[in-house]
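# Architecture at a glance
Listed below are the residues making up each chain.
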There are 2 protein chains.
Amino acid sequence: MQAYSLTVDKFLDHAAKWFPEREVVTAEGGGARRVSYAELHARSRRLSGALASLGLEFGNRIGVLAWNTQHHLEIYYAAMGMGLVCHTLNPRVTPEHLAAMINEAEERVLAVAASLAPLAAQLLPLCPSLEHLIVLDAVPADAPQGGAKVWAYERLLAEHGAQAAWGDFPEETPSGLCYTSGTTGRPKGVLYTHRSNYLHTIRALQADAFALTARDAVLIAVPMFHANGWGLPFAAPAVGAKVVLPGRQADGASLAKLIRDEGVTVAVGVQTVWLGVADHLDAAGGELPLLERVIIGGSYCPEALIRRLEARLGCLVQTSWGMTELSPLGTVSPADAGPGGARASGRPAMGVDLKLTDAEGQTLPEQRGVVGHLKVRGASVLDRYFKADADDLDAEGYFDTGDLASLDAEGNLTIRGRSKDLIKSGGEWINPAEIEAIVGRDPRVAQVAVIARPDPKWGERPLLIVEPCQGETITDTALLDLLRGKVADWWLPDRVVQVTAMPLAATGKIDKTRLRADFGGEGLFEGAGGDRRS
Amino acid sequence: MQAYSLTVDKFLDHAAKWFPEREVVTAEGGGARRVSYAELHARSRRLSGALASLGLEFGNRIGVLAWNTQHHLEIYYAAMGMGLVCHTLNPRVTPEHLAAMINEAEERVLAVAASLAPLAAQLLPLCPSLEHLIVLDAVPADAPQGGAKVWAYERLLAEHGAQAAWGDFPEETPSGLCYTSGTTGRPKGVLYTHRSNYLHTIRALQADAFALTARDAVLIAVPMFHANGWGLPFAAPAVGAKVVLPGRQADGASLAKLIRDEGVTVAVGVQTVWLGVADHLDAAGGELPLLERVIIGGSYCPEALIRRLEARLGCLVQTSWGMTELSPLGTVSPADAGPGGARASGRPAMGVDLKLTDAEGQTLPEQRGVVGHLKVRGASVLDRYFKADADDLDAEGYFDTGDLASLDAEGNLTIRGRSKDLIKSGGEWINPAEIEAIVGRDPRVAQVAVIARPDPKWGERPLLIVEPCQGETITDTALLDLLRGKVADWWLPDRVVQVTAMPLAATGKIDKTRLRADFGGEGLFEGAGGDRRS
């Protein structure tokens, strides 16, 4: 059969050929910027030529620090199509971390949203390799200072745009670079390839997964700098779906308007975004009659919250689990389940192999109804971190997700915490995630975390850290009472800390590294009572 | 990202892991044989060991002459899983053609349905390389005679079954062999690979294509010896759908019963099969309440027939176009169109590139609304026929389907005939398919074909051949009158032949080679009038 390279430029080629008039819409101020797939394809191909004019060559990496906009999507395809690596950067990461990533990737060109020009100005002195800065969206009022040449995107395209060749290289060619959140250590780079992104896309398009069709209008509210924007920038053109991009505006009112104005049928992003939409609808009234599905992921979503979203948004909620290292989709509940049908985080669509092992890596003989260490294998799963010396795989070729998980009788996945968060007390394991889930169900509790504290007798003991909801009070004793009878007595935390604001990482997850630094030291409570507020 | 070989054994591994209790059901007599995916997986893996015990090794080919049954499905996976090539043979082809295929493939083992044992007995003397005959389904009353050792399938499995290793070889490893129908020449072999079949499967599973889900029960009525059974033997396990196999019984009453008894939601096969079901329901009454979709393909289906099937079967009809050389899916109308939504043969799902060219191979500048020569490219498209000396591709890597086609404004494909059927008259082209379509719409016409006849003045001239419906008569003049005003005057056939039975090839298509031999000669009508019956 034919040698046919699985490269992602084919997605936009396909959209431009079969759905030339279908639109990509970006929210801008109160209005919208519109472009057809045919135009976007032509612009992206010309942008490739413009990037080449800056000296970028096959295999080079280009940094992108941007919101979800048309320009950002054009850069995805312009860079990947010509064989560059599109390195998406999270603007919420500290300038020092961003600079470390840019320097590790040896980038000479950085594309940056106009609203992030001040951040770019901070980065320039830290990244001496940067020679060109491309400013997206609009000409910035204040061009960043420093050694780099500053280009307004449209001017670069107009003056240096030239149709460049796309594809026609091996499918193992790197296409994208994305760093993990770094909540549990130094951020690590994941280098995607055309093959891994192509196969991820086709896998995600299965009817039991994202199930997008040409009839859909897809709101991509997950940032495009998060693990390929969950693959939507590839999946939507691949089926000719309309793409709706929110720019920087992710508040409930803006998204509700966008969903209504653009006839969005499928909306994708983290649950907090859709909670904002539900809150807005509660306050302002109104419905979203065309919305059929919301796909959430990124963190555990309680059943009650799913039911509230389904009721208020009038659609099916599909839950999912994924990781940057998985491109990112691991499992997803099916699109045809009907409202109320989401079961935990769903099953893996064909193309990802999962197994649960014990702490030593032995596959558990019974995979369902037990908690194990989650290992993953597949064509879109990482084998080795960017610039690492060795693979991160076991003998069977599986990647250790670092997650604890269980499967129900039908094979639906539930994440049960992080293996490195496990607390070893007297030689036995305590799972902080189970304690957090019970305490977190109390309506007075806004955020909860359990970490290990060194203990001379038991090795480690659990410490409960709680941020109460604003205006609520709850005693430490009452917090511990929530747990009695629900976990083994020796799992009960010895200490409680109440905080006014839980430290969060750039992805919005609780920063346990920070908590351990602040509260995990030995002797912290010497001489202090069990009740303490920071 | 991980090196992860795209091999088809992973489909059955996936089904056995995630849907262990889901069933594969085979109609047998009045009842049904049932097996779970977990059992079928275990049996297939043990069958691999049994095949190895016959001396079959990685890369060898095994012939299979069988109906759609559990045993046939087990052989698919047992053979492909261990790296053998599963060569599916069409029992309706002549013994001489079958023998030529078996000999070209140098096969030592032939698996054969019990009801086809007499055919196998005819083949043995013609195929001296055959050493083993495996008889499927049940122990045959009369074991075939000849030099080969005869094995009852279940005895072979019981006595020599041993779990064998699956996969773990390059994805470019050949997995299947299937010969084209040979309606237009000597049958040619298409050698599929694990990669081509894997990618075909994931492509077909897209929500805008076959869109199968774990909730579906799929009736595979297309023979498994036709181009991978349209990919369903891979696609159904890949999503954990229930599989329903009709065995040899493809009459309307049997299929209607099977659809009802097994709760079939998606039924796949050629239109004549579903017409049989509709006729049965008309005669016997009854409905098929759970049936949601019928996927047809294999030949052009008139709009009126689609509407009748949708009305009588109470479901959506999805039309499709494909070829053995395409694994076979080319285009398909979407699963979410709603009844009445099928447009021609649909669009290509992501993964197949199509283009229309002129007779010289130049891409037509405007692809829609014109008739052109259809060329195809993709990872599941043939590059070179089995044992051929050269690729069958153009400079851009496209395979010439030999079909004429057009695309409507939305990109939906309609096949407009075969390029080699085109008639060159006075330097201009006449398309027989257009004439056939017009004449075929007359209710008195059962079958119609137009072929070229050599002409000393014009080069070629069209000859109209018609098989009237039983009990109907229509004059040649009336037949030509159907065309007047609908085609250019110089397209009007010079001669008409009426036949009582149109010659058909093994696939059920009209055998134009035979027609040309019988009626296409020069001087055929010398001295005869225009009206002639054979």
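Keep in mind that what you see is a predicted model, and the values were worked out from it rather than measured.

Here is what the cut-offs are and how they apply
- Residues numbered from 1 in each chain as written.
- Chains lettered and ligands numbered in written order.
- Predicted model: local features only at pLDDT ≥ 70, side-chain atom pairs only at ≥ 80, totals over all residues.
- Heavy atoms only, no water.
- Helix = DSSP H or I, 4+ residues; strand = E, 2+ residues; numbered from the N terminus.
- Rg over C-alpha atoms; globule rule 2.2 N^0.38 Å.
- Buried < 20%, exposed > 50% of the residue type's maximum accessible area, 1.4 Å probe, protein only.
- Phe/Tyr/Trp six-rings, centres within 6.5 Å; stacked < 30°, edge-to-face > 60°.
- Salt bridge = Lys/Arg side-chain N within 4 Å of Asp/Glu carboxyl O.
- Contact = heavy atoms within 4.5 Å.
- Buried area = accessible area lost by both parts, 1.4 Å probe.
- Polar contact = N/O pair within 3.5 Å; in protein donor to acceptor, adjacent residues only side chain to side chain.
- Pairing = 2+ DSSP bridges.
- Right-handed = clockwise from strand over helix to strand, strands pointing away.
- Least-squares fit on C-alpha atoms with pLDDT ≥ 70 in both.
- Core = buried A, V, L, I, M, F, W, Y, C linked by side-chain atoms within 4.5 Å.
- Expected span 1.5 Å × (residues − 1).
- Axes fitted to C-alpha atoms, helices over the stretch in contact; angles between N-to-C directions.
- pLDDT = per-residue confidence, 0-100.

### Notes on the overall build of chain A
Of regular secondary structure, chain A possesses 14 helices and 25 strands. Over its C-alpha trace chain A gives a radius of gyration of 24 Å, about what one expects of a compact globule, namely 24 Å for 534 residues. Overall, the C-alpha framework of chain A stretches about 70 × 55 × 50 Å when taken along its three principal axes. Burial status across chain A gives 60% buried among its 534 residues.

### Topic: the packing of aromatic side chains
All names here are of chain A. In the structure shown here, the tally under the stated rule is 16 aromatic pairs over all chains. With a centroid separation of 6.0 Å and an interplanar angle of 50°, the aromatic rings of phenylalanine 11 and phenylalanine 234 are classed as tilted. Within this pair, whereas phenylalanine 11 is found in helix 1 (residues 9–18), its partner phenylalanine 234 is found in helix 8 (residues 232–239), the two being separated by 223 residues in sequence. Pair check on accessibility: phenylalanine 11 and phenylalanine 234 agree, each one buried. Ring plane angle 80° and centroid distance 6.3 Å describe the contact between tryptophan 490 and tryptophan 491, whose orientation is recorded as edge-to-face. Residue classification places tryptophan 491 among the buried positions, given a relative accessible area of 12%. Taken together, the aromatic side chains of Phe11, Tyr76, Tyr77, Tyr198 and Phe234 make up a single cluster linked through ring pairs.

### Remarks on the pattern of salt bridges
For the structure on display, the rule yields 66 salt bridges over all chains. Ionic pairing is found between A:Arg307 and A:Glu303, a salt bridge with its closest N-O pair at 2.2 Å. Of this pair, A:Arg307 and A:Glu303 both sit in helix 11 (residues 303–313), four residues apart, which is roughly one turn of the helix. A:Arg307 sits in the partly exposed class, given a relative accessible area of 27%. Where B:Lys512 meets B:Glu436, a salt bridge forms, and the shortest distance between an N and an O atom there is 2.8 Å. Of the two residues, B:Lys512 sits in helix 14 (residues 512–519) while B:Glu436 sits in helix 12 (residues 432–440), which places them 76 residues apart along the sequence.

### Structural notes on the interface of chain A and chain B
If you look at the interface, chain A gives 62 residues, while chain B gives 62 residues. Between chain A and chain B, the buried area comes to about 4400 Å², and carbon and sulfur atoms account for 57% of it. Looking only at chain A, the three residues that lose the most surface to chain B are A:Met1, A:Gln2 and A:Met350, adding up to 22% of its buried area. Counting across the chain A and chain B interface gives four salt bridges. Two residues, B:Asp336 and A:Arg215, come together in a salt bridge whose shortest N-O distance is 2.9 Å. Here chain A and chain B share 30 residue pairs in polar contact (both at pLDDT 80 or more) between them.

### Observations regarding the pairing of strand 9 (residues 189–193) of chain B
Residue and element names in this part refer to chain B. In terms of burial, strand 9 is a largely internal element, four of the five residues being buried. As paired elements, strand 8 (residues 174–179) and strand 9 share five bridges and run antiparallel to each other. Along strand 9, the bridge assignment pairs glycine 176 with tyrosine 192.

### Remarks on the pairing of strand 11 (residues 242–245) of chain A
Residue and element names in this part refer to chain A. The two faces of strand 11 match: Lys242 and Val244 on one face and Val243 and Leu245 on the other face are all buried. Alignment of strand 10 (residues 217–220) against strand 11, held across three bridges, turns out to be parallel. Note that in strand 11 the partner of leucine 219 across the bridge is valine 244. With helix 8 bridging strand 10 and its parallel neighbour strand 11, the resulting β-α-β unit is right-handed.

### Looking at the relation of the copies chain A and chain B
Note on the identical chains: chain A maps onto chain B by a rotation of 180° and an axial translation of 0.0 Å, with an RMSD of 0.1 Å. Such a turn and shift between the copies fits a two-fold axis. Here 100% of the contact residues of chain A are again contact residues in chain B; the copies associate through an equivalent surface.

### Observations concerning unusual backbone geometry
The omega angle of the peptide bond from A:Ser327 to A:Pro328 is 10°, so this bond is cis rather than trans. Relative to the elements of secondary structure, A:Pro328 occurs in the loop between strand 15 (320–322) and strand 16 (329–332). With a phi angle near 55°, A:Ala211 is a residue other than glycine that sits in the positive phi range. Here A:Ala211 is to be found in the loop between helix 7 (194–204) and strand 10. Positive phi, normally seen in glycine, also occurs at B:Glu106, with a value near 50°. Structurally, B:Glu106 can be placed in the loop between helix 4 (95–104) and strand 5 (109–112).

### Some remarks on the nonpolar core
The biggest cluster of nonpolar side chains holds 236 residues, and the ones touching the most others in it are A:Ile134 and B:Ile134. Counting residues in each nonpolar core, the second largest holds 27 residues, with A:Ala27, A:Val273, A:Trp274 and A:Ala278 among its members.

### Observations concerning helix 10 (residues 271–284) of chain A
Residue and element names in this part refer to chain A. With 14 residues, helix 10 should cover 20 Å at 1.5 Å per step; its first-to-last C-alpha distance of 20 Å lies within 8% of that length. Where helix 10 is concerned, the buried positions are Gln271, Val273, Trp274, Leu275, Val277, Ala278 and Leu281. Where helix 10 is buried, its residues touch strand 10, helix 9 (252–261), strand 12 (266–268), strand 13 (293–295) and helix 11.

### Comments concerning the sheet that holds strand 19 (residues 399–407) of chain B
Across the sheet, which stays open at both edges, the four strands sit in the order 17-18-19-20 (chain B) with antiparallel pairing between neighbours. Because the sheet does not close on itself, it has two edges, and the strands there are strand 17 (352–357) and strand 20 (413–418) of chain B. Taken over all neighbouring pairs, the strand axes of this sheet differ in orientation by 45° on average, direction set aside. The sheet contact formed by strand 19 of chain B and strand 20 of chain B spans four bridges and is antiparallel. From the neighbouring strand, B:Ser406 faces strand 20 of chain B, where its bridge partner is B:Thr414. The strands touched by helix 1 of chain A within the sheet are strand 17, strand 18 (371–378) and strand 19 of chain B, with strand 17 of chain B carrying the most contacts at an inclination of about 45°.

### Let's talk about the sheet that holds strand 14 (residues 316–318) of chain A
Residue and element names in this part refer to chain A. Spatially, seven strands are ordered 2-1-11-10-12-13-14 in an open sheet, and the strand pairing comes out mixed. If you trace the sheet from one side to the other, it starts and ends with strand 2 (31–36) and strand 14, each paired once. Strand-to-strand twist across the sheet, computed as the mean angle between neighbouring axes with direction ignored, equals 20°. Pairing of strand 13 with strand 14 involves three bridges; the strand directions are parallel. Its bridge partner lying in strand 14, valine 294 is registered against valine 317.

### Looking at the confidence of the model for chain A
Residue and element names in this part refer to chain A. Across chain A, the average pLDDT comes to 91, with 94% of residues at 70 or higher. With pLDDT under 50 throughout, residues 523–534 is counted as low confidence; its partners more than four residues away or in other chains account for 23 contacts. Interface predicted TM-score (ipTM) for the complex: 0.90; the corresponding pTM is 0.90.

### Notes on the environment of B:His87
Its location among the elements puts B:His87 in strand 4 (residues 85–89). Polar contacts involving the side chain of B:His87 include one to the side chain of B:Glu107, which spans 2.8 Å.

### A closer look at the side chain of B:Glu436
Assessed through its relative accessible area of 16%, B:Glu436 is described here as buried. Contacts of B:Glu436, omitting those with residues within four sequence positions, involve B:Val448, B:Ala449, B:Val450 and B:Lys512.

### Looking at the environment of B:Ser196
Within the fold, B:Ser196 resides in helix 7 (residues 194–204). The class for B:Ser196 is buried, based on a relative accessible area of 0%. A sequence separation of 130 residues divides B:Ser196 from B:Leu326, and the C-alpha atoms of the two residues are 9.2 Å apart. When neighbours within four sequence positions are excluded, B:Ser196 is seen to be in contact with A:Met1, B:Ser327, B:Ala379 and B:Ser380. Reaching out from B:Ser196, the side chain makes a polar contact with the backbone nitrogen of B:Thr193 at a distance of 2.9 Å.

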